[in-house]
Amino acid sequence: MSSFTVKVPNIEIKYTQIFINNEWHTATNGKTFPVFNPSTGEEICRVEEGTREDINKAVEAAREAFRSDSLWRELEPSARGGLMRKFAELLRRDVEYLSQLETLNNGKTLVNSEIDIMNSAACIDYYAGWADKFTGETIPSTPDLFIYTRHEPVGVCGQIIPWNYPVLMMALKLGPALACGNVVILKPAEETPLTALYCAALIKEAGFPPGVVNIVPGDGPNCGHAIVIHERIDKVAFTGSVEVGKKIQENAAKSNLKRVTLELGGKSPLIICEDADLDFAVFVAHEAIFHNAAQNCIAASRTFVHSKIYDQFIEKSVALAKMRVVGDPFDDNTQQGPQISKQQFDRILKYIESGKKAGAKLECGGTKANDQGYFIQPAVFSGVTDDMEIARDEIFGPVMSVLKFDSYDEVIERANATPFGLVAGVITKDLTRALKFVQELQAGSVWVNTYGAMKFQAPFGGFKQSGQGRELGKYGLEPYYEVKTVAMKLLSKM
Ligand code: NAD
């Protein structure tokens, strides 16, 4: 095991309280929870722990901000977009500080944190553009009946996000909600609340009226659950595990049948055909699994490789994985930081053991990469078969599982034989073959000769148990407005 020291810069932690009504609050029950640096395992600070009472307070503030005569509701839609643009501008102004804070709390490389923050600003800007452009329709009817639709905001939206992209997940959720004129109660993941709280201060600075965005840190079973079951919250949007997603849907139905959108996990296939340029395919497959320390819902965690190029693919992939620089995420040369927590770290190492026991060959990596923190050397497994746990479960860690296939019909069937259906990738030069895969693969996005090509303009979401509804693009607005049909009878002729 190589050993390195993480040089943690001195980063001031400015906000650790609950943000409601544009003000900072301590938790009603007086409790706080610790937040850790995954690069060292050390505590960074403690954060106020929101519970049911704090969610109640946030709902009061949000309801007030959503009254039909409130400042927010009376704003011109383009002025709403203006506030969002201002928020995006502030994200860009503070990109240096925010990136350091994100890397401190999440462990992703500083370069990736910067990319995430700039993408978050771009996402908010994109949705700001929609604020005055999502219009209803007039409906053809008889001359004496005028029918049209209005798109009205849903109301108070609860948003529950995970730890893998703390600021970006927040931007993806806030963008469409605010563009449509909703008000929000957002709960960041308990592992990574720090950047969300800093963003709260930016939201206030941008000029959003009190109560429009409320940020309540806390855990899932208490704070998150309180959002899900609240009778006066109209919608909940969630990103995270399938297990919790199912609970959320059930609990939301049991309370007030609030609207639910879910972005859940994946076990996404990347299929490498025999005609692929091998070096290109190896590079794409490497990034497709190992990006963000493989803590990625879109991670290509099943790499299917045609038997004719399988051995060469393994050889080159192992060489590339061995070259991947695992280290201090604040160092510009580092490609992979730590996993988010001890719990995830242990879980991933267990999966690596299970792969070995099941008879797959661990070609490289798969071991602890430093004395300190939760670093794992990128693992490549060959000889993986469909029945193995490492080919079935979402590992959320740096484990490449390479499976062999012989025929295209066979690989389509195997790629689809999973409860998940988030994304899929294909590497081939043959257009007909590519189109066949596009048609047959059960996934919300299919990427051909690329992977992870997500754009704010294009919808994203899962088939099957990978989710419900879509985020991003125009489709991403749909969960955030109600359609009201208005029919007006003309009483007399002039
Ligand atoms: P999780 O689903 O447990 O948590 C995600 C969010 O949901 C957090 O904010 C959490 O506090 C909240 N939550 C948890 N239980 C809740 C409940 N009962 N009611 C309401 N909210 C609740 O995910 P995790 O613990 O962060 O990670 C576990 C697994 O989830 C990972 O290993 C991975 O498989 C998956 N995951 C997927 C994504 C994704 O983007 N699709 C992101 C992170 C994690």
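The rules we used
Residues numbered from 1 in each chain as written. Predicted model: local features only at pLDDT ≥ 70, side-chain atom pairs only at ≥ 80, totals over all residues. Heavy atoms only, no water. Helix = DSSP H or I, 4+ residues; strand = E, 2+ residues; numbered from the N terminus. Rg over C-alpha atoms; globule rule 2.2 N^0.38 Å. Buried < 20%, exposed > 50% of the residue type's maximum accessible area, 1.4 Å probe, protein only. Contact = heavy atoms within 4.5 Å. Areas by Shrake-Rupley, 256 points an atom, 1.4 Å probe, with all protein chains shown as cover. Lys, Arg positive; Asp, Glu negative; His and termini not counted. Charge placed at Lys NZ, Arg CZ, Asp CG, Glu CD. Axes fitted to C-alpha atoms, helices over the stretch in contact; angles between N-to-C directions. Parallel < 35°, antiparallel > 145°, perpendicular 65-115°, else oblique. Left-handed = near helix turned anticlockwise from the far one by under 90°. Nonpolar A, V, L, I, M, F, W, Y, C, P; charged D, E, K, R; others polar. Near = heavy atom within 4 Å. Polar contact = N/O pair within 3.5 Å; in protein donor to acceptor, adjacent residues only side chain to side chain. Domains from an automatic or database assignment. Pairing = 2+ DSSP bridges. pLDDT = per-residue confidence, 0-100. UniProt positions renumbered as here; feature names shortened; annotations may be inferred. Right-handed = clockwise from strand over helix to strand, strands pointing away. Buried area = accessible area lost by both parts, 1.4 Å probe. Salt bridge = Lys/Arg side-chain N within 4 Å of Asp/Glu carboxyl O.

1. Some points on the overall build of the protein chain
Along its length, the protein chain carries 15 helices and 20 strands. Whereas a compact globule of 494 residues would reach a radius of gyration of roughly 23 Å, the protein chain reaches 24 Å, a difference of no more than 12%. Counting only C-alpha atoms and orienting by the principal axes, one finds that the protein chain spans roughly 80 × 60 × 40 Å. Counting across all 494 residues of the protein chain, residues that qualify as buried make up 58%. Taking as baseline every contact in the protein chain between residues at least 6 positions apart, the subset at least 24 positions apart corresponds to 75%. Surface exposure of the protein chain reaches about 20,500 Å², of which carbon and sulfur atoms provide 52%. Separation between the mean location of the 53 positive side-chain charges and that of the 61 negative ones in the protein chain comes to 3 Å.

2. Considering the packing of helix 4 (residues 95-106) against helix 5 (residues 110-130)
For the pair helix 4 and helix 5, the least separation of the axes is 8 Å and the interaxial angle reads 125°. Taken together, the axes of helix 4 and helix 5 lie oblique to each other. As helix 4 packs across helix 5, the resulting crossing turns out to be right-handed. Each of V95, L98, S99, Q100, E102 and T103 in helix 4 lies in contact with helix 5, whose residues at this interface are L110, S113, E114, I117 and M118. Considering only residue class, the contact of helix 4 with helix 5 consists of five nonpolar, four polar and two charged.

3. Re the site of the ligand
Around the ligand, the surrounding shell holds 28 residues, and the nearest of these are I161, W163, E190, S241 and E394. Between L264 and the ligand, the recorded distance is 3.0 Å, taken from a backbone N or O atom to a nitrogen atom. For the ligand, the accessible surface in isolation is 810 Å², of which the surrounding protein chains cover 89%. Of all the secondary structure elements, the ones that give two or more residues to the shell around the ligand are helix 8 (220-229), strand 10 (235-239), helix 9 (242-254) and helix 12 (342-357). Split by residue class, the shell around the ligand holds 13 nonpolar, nine polar and six charged. Split by domain, the shell around the ligand shows at least three residues from each of two domains, domain 1 (18-264 + 467-483) and domain 2 (269-455).

4. Describing the sheet that holds strand 20 (residues 481-489)
One open sheet accounts for three strands, arranged 5-6-20; its pairing is antiparallel. Both outer strands of the open sheet, strand 5 (138-139) and strand 20, are each paired with one neighbouring strand and no more. Taken together, the nine bridges between strand 6 (residues 145-153) and strand 20 define a ladder with antiparallel strand orientation. Residue H151 lies in a different strand from strand 20, and its bridge partner there is V483.

5. Quick notes on the sheet that holds strand 18 (residues 445-448)
Read across the sheet, seven strands follow the order 14-15-16-13-12-17-18 without closing on themselves; strand pairing throughout is mixed. Edge strands, defined here as strands with exactly one partner in the open sheet, are strand 14 (361-364) and strand 18. The mean angle between the axes of side-by-side strands here comes to 25°, regardless of whether they run parallel or antiparallel. In terms of strand pairing, strand 13 (residues 302-306) meets strand 16 (residues 399-405) through four bridges, oriented parallel. Bridge pairing links V305 to K404 in strand 16.

6. Quick look at the confidence of the model for the protein chain
Within the protein chain, residue pLDDT values average 97, and 99% of them lie at 70 or more. Strand 19 (residues 467-468) is the least confidently modelled element of the protein chain, averaging 96 in pLDDT, while strand 9 (residues 213-215) averages 99, the highest of any element. Scored by ipTM, the complex comes to 0.94, with pTM at 0.97.

7. A short note on the UniProt feature "domain: Aldehyde dehydrogenase" (unreviewed entry) in the protein chain
The UniProt record annotates "domain: Aldehyde dehydrogenase" (unreviewed entry) at residues 25-486. Secondary structure across residues 25-486 comprises 40% helix and 20% strand; the distance between its end C-alpha atoms is 42 Å.

8. A closer look at the pairing of strand 13
Across the five residues that make up strand 13, a large majority, five, are buried. Of the strand pairs in this sheet, strand 12 (residues 269-272) and strand 13 are connected by four bridges, and their pairing is parallel. Counterpart to I271 in the pairing with strand 13 is F304. Handedness of the β-α-β unit built from strand 12, helix 10 (residues 278-290) and strand 13 comes out right-handed.

9. Concerning the domain arrangement of the protein chain
What the domain assignment lists for the protein chain is domain 1 (18-264 + 467-483) and domain 2 (269-455). Domain 1 and domain 2 are separated by 31 Å when their C-alpha centres are compared. Each partner contributes residues to the interface: domain 1 has 26 residues there, and domain 2 has 26 residues. Between domain 1 and domain 2, a total of about 2,000 Å² is buried, with carbon and sulfur atoms accounting for 60% of that surface. Per-residue buried area on domain 1 facing domain 2 is highest for P38, S39 and W163; these three make up 25% of the total on that side. Between the two partners, domain 1 and domain 2, sit zero salt bridges. At the boundary of domain 1 with domain 2, the tally comes to seven residue pairs in polar contact (both at pLDDT 80 or more). Counting only elements with at least two residues in the side of domain 1 that touches domain 2, the list comes to helix 4 and helix 5. If one sorts the elements of the side of domain 1 that touches domain 2 by residue count, helix 4 sits on top with five residues. Split into classes, the residues belonging to the side of domain 1 that touches domain 2 amount to nine nonpolar, 12 polar and five charged.

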